[in-house]
Amino acid sequence: MQLKGEMSMLNVLHIQDNDVSEICSKLEQKRDEAPQFFLQSPIVLDGSELSGNALEFDFSALKTGLLDLGFIPIGVRNFPPAANNIIRESGWAIMRDQQQTPRTAENKIETTEKSEPATPETVEEASQTKDNKPENQANTAVESNRSDIRSAMTVDRPVRSGQQVYAANADMTVLAPTSAGSEIMADGSIHIYGALRGRVLAGARGNESARIYCQSLQAELIAIAGRYQLLDESDTTLKGKPAMIRLEGEKIVIEAL
Amino acid sequence: MSKVIVVTSGKGGVGKTTSSAAFAAGLASKGYKTAVIDFDVGLRNLDLIMGVERRVVYDFVNVINGESTLKQALIKDKRVDNLYILPASQTRDKDALNKEGVESVINELKADGFDYIVCDSPAGIEKGAFMALYFADEAIVVTNPEVSSVRDSDRILGILQSRSKVAEEGGTVKEHLLITRYSPERVEGGDMLSKEDIQEILSIPLIGVIPESGTVLQASNSGNPVIMDKESKAGQAYMDVVSRFLGENIPLRFVEAEEKKGFFKKLFG
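All residue numbers here refer to positions counted from 1 along the written sequence of the relevant chain. Here the convention is simple: chains get letters from A, ligands get numbers from 1, in the order in which they are written. At least 70 in pLDDT is required for a residue's local features to be given in this predicted model, at least 80 for side-chain atom pairs to be given and counted, and no such filter applies to totals for whole chains, interfaces and linings, which use all residues. Side-chain figures throughout are based on the complete set of non-hydrogen atoms in the structure, without hydrogens or water.

(A) The pairing of strand 5 (residues 116-120) of chain B, seen in detail. All names here are of chain B. Only protein chains enter the accessibility calculation, which uses a 1.4 Å probe. A residue is then buried if its area is under 20% of the maximum for its type, exposed if over 50%, and partly exposed in between. Here a helix means four or more residues in a row that DSSP labels H or I, a strand means two or more in a row labelled E, and each is numbered from the N terminus. Counting buried residues along strand 5, five of its five residues qualify, which places the element largely inside the surrounding structure. Alternating residues of strand 5 divide into Tyr-116, Val-118 and Asp-120 and Ile-117 and Cys-119, and every residue in both groups is buried. DSSP bridges decide pairing: two strands pair if at least two such bridges lie between them. Examined bridge by bridge, strand 1 (residues 3-8) and strand 5 share five bridges and lie parallel to one another. Residue pairing in the sheet places Val-7 in a bridge with Asp-120 of strand 5. Here strand 2 (residues 34-38) runs beside strand 5; their pairing, made up of five bridges, is parallel. Paired with Val-36 across the two strands is Val-118, which belongs to strand 5.

Written out as structure tokens, the structure reads:
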């Protein structure tokens with residue numbers, strides 16, 4: 001038996017009122033827009049924007065509705081503790097509360113219709129070959145986790161194709177080049193004292209102030225707090241040069257270092 | 001102190017078996033007791049390349065399963081003293097390998113006084129390749145100057161540094177880059193990756209460059225490792241690799257495009 005850590009993109013359903021049938025019918029529309037993406041996708045129910053009374057919310061009905069639509073209800077969060085008993089009785093799991101990013105204030109799952117390939121939905125440990133086929137992309141609500149950046153993780157050997165390194169709650173510093181086909185991820189910023197060739201994902205849990213620094217920008221895919229860009233699709237003049245990458249609003253900005 | 005050296009690549013067909021045969025023969029010719037083991041169970045080639053295919057009675061899997069002793073399976077080379085070959089099974093497949101079995105064979109070879117144990121890995125990153133690299137102290141990563149080979153070599157390097165026994169115990173497998181099928185003319189023409197390009201991508205020390213040579217095919221056909229062909233450039237390059245491995249500092253040969261000779265130069269030398 002092995003207990004492995006995985007990072008997955010979750011769909012978070014933010015509700016504002018108690019109208020379960022309305023919620024379900026909107027979800028049905030959403031699902032039909034991109035069935036391949038939404039069917040069998042995990043849903044977390046977030047009550048931080050609920051203006052109605054949580055104690056009057058019909059959790060059972062929503063759970064049944066979600067299952068009927070082909071979603072997988074995972075759990076709820078950010079509901080008042082007074083509702084815990086009702087929630088448990090309805091069969092929903094109660095997850096840890098998390099703070100919001102302001103941009104996700106909507107009563108539906110957010111999708112952005114672009115034609116670019118999706119970011120991978122699950123990120124598994126090392127050896128398995130990954131399936132990187134483009135799917136319908138959804139910019140799911142990546143909640144910001146504003147926990148403190150405690151320490152920096154340092155990697156002093158080249159990160160090879162197929163390897164992944166992840167600095168949880170920390171910045172990442174790599175003292176060697178990274179290869180095409182590798183993945184560097186951190187909840188904080190990422191500094192690469194060498195060529196950056198693979199995929200790089202900073203602010204992995206939603207920290208929008210995370211940045212990426214490298215000595216030679218040759219990355220395949222760049223992401224900060226869930227917003228991503230393929231280097232080939234950007235018009236930067238800094239390919240192959242020292243660069244600093246940050247997030248400005250929703251846009252990935254690449255500047256000279 | 002015995003050393004286990006894996007000859008691996010990730011990519012298939014780049015010259016692992018050719019290089020294993022040449023390297024092992026080279027070490028043995030310098031006086032070191034050397035065994036070369038074929039890990040490509042089911043698709044064995046090492047015995048063919050070394051010209052001992054008609055002398056195979058027992059194989060690696062027989063030894064692991066206790067169906068024969070190591071001494072019964074090892075084939076002593078008739079041309080080079082100190083050289084022994086442990087062939088793979090042709091009828092079984094890589095599922096017949098397991099860590100304990102492989103470990104016990106390697107330990108027995110070490111106890112038998114072998115200085116070098118060369119493991120000829122199959123292509124890929126699954127069980128056969130994994131078994132070949134697991135017990136390695138050093139690795140020769142064979143790479144063609146070609147993009148998919150370089151990418152696959154990078155992958156196998158990652159696996160070496162994370163999943164070998166040495167890595168599990170906190171150490172590092174010593175890596176050597178061996179570029180094979182190199183054509184300096186095509187590199188200068190801009191068609192082929194240069195050794196500098198490859199080194200930049202893989203970031204490991206270069207142990208040698210073997211030029212593309214027709215003598216390699218002749219060597220396979222005749223069952224004599226190409227290093228035994230003293231006239232062959234590839235053979236000479238392999239000899240340089242062995243010397244460098246043993247600590248000598250030898251400049252790279254056969255990496256510059258030959259000067260185009262004018263008509264009269266060709267006539268009069």
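After that view of the structure, there is still more to cover.
(B) The arrangement of the pattern of salt bridges in detail. Residues and elements named next belong to chain A. Between Lys or Arg on one side and Asp or Glu on the other, a salt bridge is scored when a side-chain nitrogen of the former is within 4 Å of a carboxyl oxygen of the latter. According to the stated counting rule, one finds 25 salt bridges over all chains in the structure shown. With a closest N to O distance of 3.7 Å, Lys-30 and Glu-33 form a salt bridge. Of the two residues, Lys-30 and Glu-33 both sit in helix 1 (residues 20-33), three residues apart, roughly one turn of that helix. Taken together, the shared-partner salt bridges in this structure form one network comprising Glu-28, Arg-31 and Asp-32.

(C) Up close: the interface of chain A and chain B. Opposite the 13 residues of chain A that make contact, chain B presents 16 residues. Simply put, the buried area is the total loss of 1.4 Å probe accessible area from both parts when two parts are fitted together. Here chain A packs against chain B, burying approximately 1,100 Å² in sum over the two surfaces, 39% of which is carbon and sulfur. Of all residues in chain A, A:Arg157, A:Arg160 and A:Ser161 give up the largest surface area on contact with chain B, accounting jointly for 46% of the area buried on that side. Counting across the chain A and chain B interface gives two salt bridges. Of the charged contacts in the structure, one is a salt bridge between B:Glu200 and A:Arg197, with a shortest N-O distance of 3.1 Å. Whenever a nitrogen or oxygen atom comes within 3.5 Å of another N or O atom, the pair is scored as a polar contact, on the condition that within protein one atom can donate a hydrogen and the other can accept it, and that pairs from neighbouring residues in sequence are kept only if both atoms are in side chains. At the junction of chain A and chain B, the tally comes to six residue pairs in polar contact (both at pLDDT 80 or more). Of the residues in the side of chain A that touches chain B, the class split is three nonpolar, six polar and four charged. Contacts are residue-level and defined by heavy atoms, with any inter-residue pair within 4.5 Å sufficient. Amino acids outside the nonpolar list (Ala, Val, Leu, Ile, Met, Phe, Trp, Tyr, Cys, Pro) and the charged list (Asp, Glu, Lys, Arg) are all regarded as polar, and Gly is one of them.

(D) Summary view of the packing of aromatic side chains. All names here are of chain B. Classification of ring pairs rests on two measures: the distance between centres of Phe, Tyr or Trp rings, Trp counted by its six-membered ring, which must be within 6.5 Å, and the angle between planes, read as stacked under 30 degrees, edge-to-face over 60 and tilted in between. Enumeration according to the criterion identifies 10 aromatic pairs over all chains in this entry. Among the aromatic residues, those joined into a ring-pair cluster are Phe-23, Tyr-32, Tyr-116 and Phe-245. The ring of Tyr-84 carries the charged tip of Lys-33 above its face, separated from the ring centre by 5.7 Å. In this scheme, Lys NZ or Arg CZ marks a charge over a ring once it lies within 6 Å of the ring centre and within 35 degrees of the ring normal. A cation sits over an aromatic face here: Lys-33 above Phe-114, 4.5 Å from the ring centre.

(E) Fine view of the nonpolar core. Residues and elements named next belong to chain B. Nine residue types can take part in a nonpolar core, namely buried Ala, Val, Leu, Ile, Met, Phe, Trp, Tyr and Cys, and a core is a set of them joined through side-chain atoms within 4.5 Å. The biggest cluster of nonpolar side chains holds 49 residues, and the ones touching the most others in it are Phe-39, Phe-60, Leu-86, Val-102 and Leu-109. When sequence neighbours within four positions are dropped, the list of residues in contact with Leu-109 reads Ala-35, Ile-37, Leu-70, Leu-74, Phe-114 and Ile-117. Within the second largest apolar cluster, 36 residues are counted, among which are Val-56, Val-118, Ile-210 and Ala-219.

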